[in-house]
Amino acid sequence: EIEAKYTKKMQVLRDELDLRRKTEIHEVEERKNSQISELMRNHEKAFSDIKNYYNDITLKNLALISLLKEQMEEMKKRENQLEKEKADVLLQNKQLKEPLQQAQEQVSELQKKLAHYEKDKEALTNTKARLKVTQKELKDLQWEHEVLEQRFSKVQAERDELYQKFTKAINEVQQKTGFKNLLLERKLKGLLSVLEKKEVELSEVFAASNLDPGALSLVSHKLEDVLNSKNATIKDLQLQLARVCKAHNDMLQTFEAKLTAFGIPLDNLGFKPLASPVPGQ
């Protein structure tokens, strides 16, 4: 009985333990399945994230590769352009080699000139001082120039007035002297004609009359006195004519000298003054 009792208890305990074990196993399996599901979800999420991440990286890398290709093509174009520019620069360098040498020579010459900079600076200072003095002298000369211009304007006005007066006077003198010379010449010609006639008449009288030598000598002396008086009158008239001609010529010379002094060309008169010849020359 005890053995049966304990066997029964054993069986009951075994059943209970077996039920507990099954329950616990079931719970463990449920927890395991739950964890597996959770892990699968986590793994799927992580895989999806990783997949998206790598997809993004792949897209970015593709875009970067495309950009790099474009940049590479651009760089190749730039390289070709730079090669062309390099060739142009080399050509320009060859062309600029000679100007560079000239520039270097100029630099060397300028460096030599720079060595004399202090002397040039001192000379410049002295030149500035002289320039100030010269400017002051220039101002003085400008003031004198203005004064001289005013005086020149005044002298020009006086010259024009004198020119008008001289022109008027020369015309009047020419008219007077010409008229007087003409009268004197006509008077002289008339007296010479009268003298010739008287000589002819006297010769005829002497030839027609039979005067004795004494009376003829007396008449001759009287005639010589008359002739001497007439000759003296003629000489006096000739001297007057010579004085008038000389005064006319002197006045012309004075007039020309005045025109020259005032800077007026003789051609501006509009006529050529007539110089009277001096009788006997």
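The rules behind the values
Residues numbered from 1 in each chain as written. Predicted model: local features only at pLDDT ≥ 70, side-chain atom pairs only at ≥ 80, totals over all residues. Heavy atoms only, no water. Patch = residues over 30% accessible without salt bridge, like charges linked within 9 Å, V, L, I, M, F, W, Y side chains within 5 Å. Areas by Shrake-Rupley, 256 points an atom, 1.4 Å probe, with all protein chains shown as cover. Salt bridge = Lys/Arg side-chain N within 4 Å of Asp/Glu carboxyl O. Lys, Arg positive; Asp, Glu negative; His and termini not counted. Charge placed at Lys NZ, Arg CZ, Asp CG, Glu CD. Helix = DSSP H or I, 4+ residues; strand = E, 2+ residues; numbered from the N terminus. Buried < 20%, exposed > 50% of the residue type's maximum accessible area, 1.4 Å probe, protein only. Phe/Tyr/Trp six-rings, centres within 6.5 Å; stacked < 30°, edge-to-face > 60°. Lys NZ or Arg CZ within 6 Å of the ring centre and 35° of its normal.

A. Local environment of a negative patch on the surface. A contiguous patch of negative charge, built from Glu24, Glu27, Glu29 and Glu30, is present on the exposed surface. With respect to the secondary-structure elements, Glu24 resides in helix α1 (residues 2-115). The class for Glu24 is partly exposed, based on a relative accessible area of 45%.

B. Molecular detail of the pattern of salt bridges. Scanning the entire structure with this criterion turns up six salt bridges. Here Asp18 and Arg21 are joined by a salt bridge, their closest N and O atoms 2.3 Å apart. Here Asp18 pairs with Arg21, and both are found in helix α1, just three residues apart, close to one helical turn. The exposure class assigned to Asp18 is partly exposed, which follows from its relative accessible area of 24%. Bridged by salt links that share partners, the residues Asp18, Arg21 and Lys22 form one connected network.

C. Looking closely at the packing of aromatic side chains. Going through the model one piece at a time under the given rule, you end up with one aromatic pair. The ring of Tyr6 is capped by Lys9, whose NZ or CZ atom sits 5.3 Å from the centre of that ring.

Any link to function would need more than the numbers given here.
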